[in-house]
Structures are given as structure tokens and as C-alpha cells.
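A look at the structure
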Amino acid sequence: MASRRPGSWIAAAAAALVAAAVVLPLVGPVRVDLARAWAGVSPDHEILFHARLPRVLLALLAGGTLAAAGALFQALLRDALATPYTLGVSSGASLGAVLAMSLGWEQILGFPAVWAAAFVGAATVLALVVAIASEGRRMSSFTLLLAGVTINSICLALILLLQYLAGFAQSIAIVRWLMGGIEAVPYGVLAAVACAVLPAVAFMCWRAREWNLLAVGEEWAAARGVDTSRALLAGYLAGSFVTGSITALTGPIGFVGLIVPHALRLKVGADHRLLIPCSFLAGAPFLALCDTLARTVAAPTEIPVGVITAMLGGPFFIWLLRSRRRSLWL
Amino acid sequence: MYRLRGVGMSYNGTPVLHDVTLEFEAPLFAAVVGPNGAGKSTLLGIMAGLRPGYAGQCLYRDREVRRWPRRAFAREVSFVPQTVRIEFPFTAEQVVLMGRTPYAGGLFESPEDWEAVERAMQLTDTVAFRHRDFRSLSGGERQLVLLASALAQQPRVLLLDEPTAFLDLRHQIAIYGLLVELSRHGLLVIAATHDLNLAAAFAERIVALRGGRVVADAAPERVVDPAVIRQVFGVEARVAPGPRGRPWILYGE
């Protein structure tokens, strides 16, 4: 279970990421001529550089981030079924987005209203959960879980209410957003999100020793010199910040944060110093591949990418499980 | 090294430990005995720095336990819990490596870390299954791995909560034998147990708790006495000479 050569897993996942970034923009219902696209000839240039490439890049960033955050939350909550969404950040983001859509807001401070409102929603939930969970200045994974799950269900109820009150056209837009999806965004937005998210992911890798200890238990960690309350807070803030930032752009995309860390644990083991970077590097091409399928298999109709992640990831995971049945241990 | 004066503890207003005054000095192997709910785990938890809400004074090396910086304290005192439930596929070796956390500088292990892990695993005889999933190990093997993880901390004090509660005879004797060995090498070893015979056969000193109070604190020959056993455990017992001149307790009339 312990990999003898941790570097080889990182290298393999990184290679998959690079391959996805290079190959997937070339895939699509319309053939793109590379030379023409490079020379700026329309429409090849627009299709490749303004439609497909930014979309693939966002899918890579989102997939990697969600997978890494999933691995982190599973450790913090000692729950194999935890996802980046368990603690309510994404329903906070969704509530913000749905509010903006049902009120018909177009722009907030020059940003598209849905993104801005979703980000504010995620931040609000994050602050609320921390305030509730750290009652008495101590935080435990139990109080964190209770606070997160409670806020999550309150947000979901409010989303239902807003959706119920919304008009027909708005209602469809809301449902579509709640399914999650990757869109081509301007490079400036992409760069801004990457600058915000990547340092937080690096922090998640850097503190991986502490996640290892917390994944075993809080007393276990405390007896080995970890300030568990602070470590939990740091982990929750980092994981929620990246999840909220991504969800604001893509809506909630299920399954990536659950299945990628699990599949990797079977291969690279539970050490988060390896698991979190591998989750990022492998989650990225996984979601990019799913999104490419989402826009091509039934073109010109798009299939919600969350459907693809589940339909591709689920059977793959079952196959992985079966191939390891002799040792029964996940 | 440890000086406890009037230590008490309550959980939500229910007192579980009253006015405990004790001193421990290394090297020593002491057993804390008592029935379920006597306060053994709470006492060890306080001494391990895991229950900072205690009343009274609990000094380790002349410093209140709750005032010790955590990392520094973890290099002095290590704690072996009764069981650990792990959800994820950590290997035995990775579990032992976690004991090096209070010495960790960065993301990766130093040569000293590997040396300490190697020594701890050899001492506990766990080298053979170092790459196996912790969850696939038997109860006895797991307990040995937990002990190895505590030893990798290179502590002066080893606190153990029911280290052999679920183990077969061979593992019980192996672990207690190892604890005796460690105390001979200069460690202060304190183990909580409800197995009086095991305590009497291996420990040099027995502290008996009942209802959160210390009711006896002496060498095994003095504590293992029908009157004391009746008082602590509420059962009738006879005491006969056992192995190595230690007393052996026979339960029943």
C-alpha cells in the first residue's frame, strides 16, 4: 500500500495533467487546424483559444481543486464519505448564485452578479460555520461537522424556497446552475482564480503531516504536539476557500471530490503528503476529460458534466474495488 | 518528575476524579488499577496533557502540564490510547512515523526520524508487518504498533491506557515484559489496567483508584490483599504466592 517510489505517482499524474491540457482543446465536433489557429485565422483561432482552451483550463483547475479539497475534508472529518460540499460552502455559493438569478441582478462591482454573489455566499457560510463550531474557543471535527451540515441544510431549504418563488425562465436557469458546469471564462478571471486557489492548495500540501494525524484522531494528534483546534481551523478555511472560489464559477460539480481521493488512496496509500498533490494532479485531467465528453458526445447538446463524472467515475471506481477484492481493505 | 496535588476533574458537573495527590519519579513501572469508571483513563488523560480542564496542580518537571508547549511536551511524554480506529489505509510504518511529528521540521523525515522508527519497530517486534495496512493487523499487532509509535517519540514518560485490554495471553505478557524492560532503561512507565494479576506480576508500584479517589498506593505485595481488593473491586478474593515471588489473586470464596 505504501508506494516505494512516491515520486513516480506524482510524475505520472502530472504527465496526465499536461497531456490533458495539450490534447483536450483539440477535441470537439469542429476540426481545428492548428496552424490556422496559431496564425490567428478565424474561426479556428476563436474556437481553440477563446472557447476550448479556457474551458479546459478551468476544468483542470476545478477538478484538481475539488479532488484535493475532498481528500482534505475526508481527513479532517475522519469520514470516507465527506466531500468538499459536506460542510456547506457550496450550498452557500449556490444560495448566493440563486439569489442573484432570482433577483435578476446582472453585475456587482463590475463582476458578473452570479459569480460575485456565489463567492459572497460561500464566504458567509464559511464565517458562520467557524463561528458556530468554535464555540468556547475550541474546535473539534465533531462540532465542525454538525455546524457545517446544519448550515448546509438551511441553505438548501432557502434555495428551494427561492426556486419555488422564481418565474419559469429563472427557475430553469437556477436548475441549470445547480447542476454545475464548466464554461469558457476570460483569461483574466482564470488567472485571478488560479492565483487565489493555487497558494491555498500548496498550503494544503505543506501541512499534510497534520492532516495525517487528524485523520487518525484528535487525541492522537494532540498527544503528538499538534494544536488540533488551530489545525482544524486552518484546514477548514483553506479547503472551504478553494471550494467556494471554484464553485462560484462552476456551480456544484459532484463526485470529483469523492471519487478521485478514494481511487488514489487505493494506489498511493493514505499519506496526505502524497495523496493531496496526487489528488490535485489527477483530479484535474479527470474533470477535464469528463467536461470534454460533456460537450462532445451529444453535440451540439451539452450533457451536465456532473452526470458524466458520476457515470464515468462510478463504474471505474467499482472496477478498481473489485480488482482489489482479495485484500478487502479500502 | 510528576507531582499531582489535589487533582480533580468533572465532566458536565459530574465529578470523576477527586483530590488525587501522587508523585512519580523515573525509572519506574507503575500500574493504575481500579474497576470501570474509577477514573483511571481520566487520570492518565490529565497527565498526558489531553484534559486541560483539571482542578488542582499537575506538575511535570515543575511545570503545570497545561502550561507546557505542546510540541515540547510531546517530546517528553507519550500516550498510548486503548484503541485507535483508523478509517484510511495507513501502513503500520506510517502509523509509527507519526510519532516523529514533535520533531518534524518540514514535510519529510530526517535520517534521525527513520533511525528512531527503526529502533521502535525492532523493540516492539513489528518490523515484519511494517508495510501492512494497520487495519488488517490483529488486535495484538495493532497494540504493538501503537506502542512503537509512542516509542518513536523518544519520550521520558510512557502513559498507557489499558494496553492489553483485548489481547490474548501471549501478547499481554509480551507487552508487559516490554514495559518492564523500558522502565529498567530509565523510563517512567504508567499503565492503567483493570487486570490486577497482570499489574501485580509486572509493576513495581500499584495505585488503586475507586470512585475517583486513590485508595491504595504501594508495592504489589502491600496492595494485593483481600481487604484492599474487596474495597477497590467489591469482590472476594484469596491471594496465593505467584511467579517470581509476586502475589497471585484467586477470585471467589
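Predicted model, so just to flag it, every value in this text is computed and none were measured. (Residues numbered from 1 in each chain as written. Chains lettered and ligands numbered in written order. Predicted model: local features only at pLDDT ≥ 70, side-chain atom pairs only at ≥ 80, totals over all residues.)

1. Notes on the overall build of chain A
Of regular secondary structure, chain A possesses 14 helices and two strands. Its C-alpha atoms give chain A a radius of gyration of 20 Å, near enough to 20 Å, the size a compact globule of 330 residues would have. Its C-alpha atoms give chain A principal-axis dimensions of roughly 65 × 50 × 35 Å. When the 330 residues of chain A are sorted by exposure, 50% land in the buried category. Long-range pairs, those at least 24 residues apart, make up 76% of the contacts in chain A with a sequence separation of at least 6. (Helix = DSSP H or I, 4+ residues; strand = E, 2+ residues; numbered from the N terminus. Rg over C-alpha atoms; globule rule 2.2 N^0.38 Å. Buried ≥ 20, exposed ≤ 12 C-beta atoms within 10 Å, placed from the backbone. Contact = placed C-beta atoms within 7 Å.)

2. Overview of the interface of chain B and chain A
In this assembly, 28 residues from chain B lie in contact with 27 residues from chain A. Elements with a contribution of two residues or more to the side of chain B that touches chain A: helix 2 (70–76), strand 6 (77–80) and helix 3 (92–97) of chain B. Counting residues per element, the side of chain B that touches chain A draws most heavily on helix 2 of chain B, at three residues. Across the side of chain B that touches chain A, the residue classes break down as 14 nonpolar, eight polar and six charged. (Nonpolar A, V, L, I, M, F, W, Y, C, P; charged D, E, K, R; others polar.)

3. Focus: the confidence of the model for chain B
Within chain B, residue pLDDT values average 92, and 100% of them lie at 70 or more. Quick note on the complex model: pTM equals 0.91, ipTM equals 0.91. (pLDDT = per-residue confidence, 0-100.)

4. Digging into helix 9 (residues 226–233) of chain B
Residue and element names in this part refer to chain B. Listed in full, the buried residues belonging to helix 9 are Val 228, Ile 229 and Val 232. Burial along helix 9 is one-sided: seen end-on, the buried residues are contained in an arc of 100°. Turned more than 90 degrees off the buried face of helix 9, the exposed positions are Ala 227 and Arg 230. The inward-facing, buried residues of helix 9 contact helix 7 (196–202), strand 9 (205–210), strand 10 (213–218), helix 8 (220–223), strand 11 (237–241) and strand 12 (247–251). Backbone geometry just after helix 9 places Gly 234 at a positive phi near 70°. (Arc of directions from axis to C-beta.)

5. Comments concerning the sheet that holds strand 2 (residues 14–24) of chain B
Residues and elements named next belong to chain B. In spatial order, the strands read 2-1-4-5; together these four strands make up an open sheet with antiparallel pairing. On the outer flanks of this sheet lie strand 2 and strand 5 (63–64), each paired with one strand and no other. Pairing analysis gives two bridges linking strand 4 (residues 55–60) to strand 5, with the strands arranged antiparallel. When the bridges of strand 5 are listed, Leu 59 appears paired with Glu 64. (Pairing = 2+ DSSP bridges.)

6. Thoughts on helix 4 (residues 111–123) of chain B
Residues and elements named next belong to chain B. With 13 residues, helix 4 should cover 18 Å at 1.5 Å per step; its first-to-last C-alpha distance of 18 Å lies within 8% of that length. Structurally, helix 4 contributes buried residues whose contacts are with helix 3 and helix 5 (139–151). Looking one or two residues past helix 4, Asp 125 carries a phi angle of roughly 60°, positive in sign. (Expected span 1.5 Å × (residues − 1).)

7. Thoughts on the environment of Gly121(A)
Residues and elements named next belong to chain A. Its place among the elements puts Gly 121 in helix 5 (residues 113–133). In this structure Gly 121 comes out as buried when scored by C-beta crowding, with 26 C-beta atoms within 10 Å. Note: C-alpha distance between Gly 121 and Gly 257 (136 residues apart in sequence) is 20 Å. Beyond its immediate chain neighbours, meaning those up to four positions away, Gly 121 contacts Gly 92, Ala 93, Leu 95, Gly 96 and Ala 97.

8. Side note on the sheet that holds strand 3 (residues 28–33) of chain B
Residue and element names in this part refer to chain B. Here six strands make up an open sheet; going across it, the order is 6-7-8-3-9-10 and the pairing mixed. Across the chains shown, the open sheet's two edge strands, defined by having one partner strand only, are strand 6 and strand 10. Strand-to-strand twist in this sheet, taken as the mean axis angle between neighbours without regard to direction, amounts to 15°. Examined bridge by bridge, strand 3 and strand 8 (residues 188–193) share six bridges and lie parallel to one another. The residue of strand 8 that forms the bridge with Ala 30 is Ile 190. Along the sheet, helix 5 contacts strand 6 and strand 7 (157–161); its crossing angle with strand 6, the most-contacted strand, is approximately 170°. (Axes fitted to C-alpha atoms, helices over the stretch in contact; angles between N-to-C directions.)

9. Some remarks on the packing of helix 4 (residues 89–102) of chain A against helix 7 (residues 168–179) of chain A
All names here are of chain A. Following both chains from N to C, one finds helix 4 and helix 7 inclined at 160°, their axes separated by 10 Å at the closest point. Relative to helix 7, the element helix 4 is oriented roughly antiparallel. Note on packing geometry: the crossing formed by helix 4 with helix 7 is right-handed. Of the residues in helix 7, those in contact with Ser 94, Ala 97, Val 98, Met 101 and Ser 102 of helix 4 are Gln 170, Ala 173, Ile 174, Trp 177 and Leu 178. Each residue belonging to the contact of helix 4 with helix 7 can be placed in one class, and the counts come to seven nonpolar, three polar and no charged. (Parallel < 35°, antiparallel > 145°, perpendicular 65-115°, else oblique. Left-handed = near helix turned anticlockwise from the far one by under 90°.)

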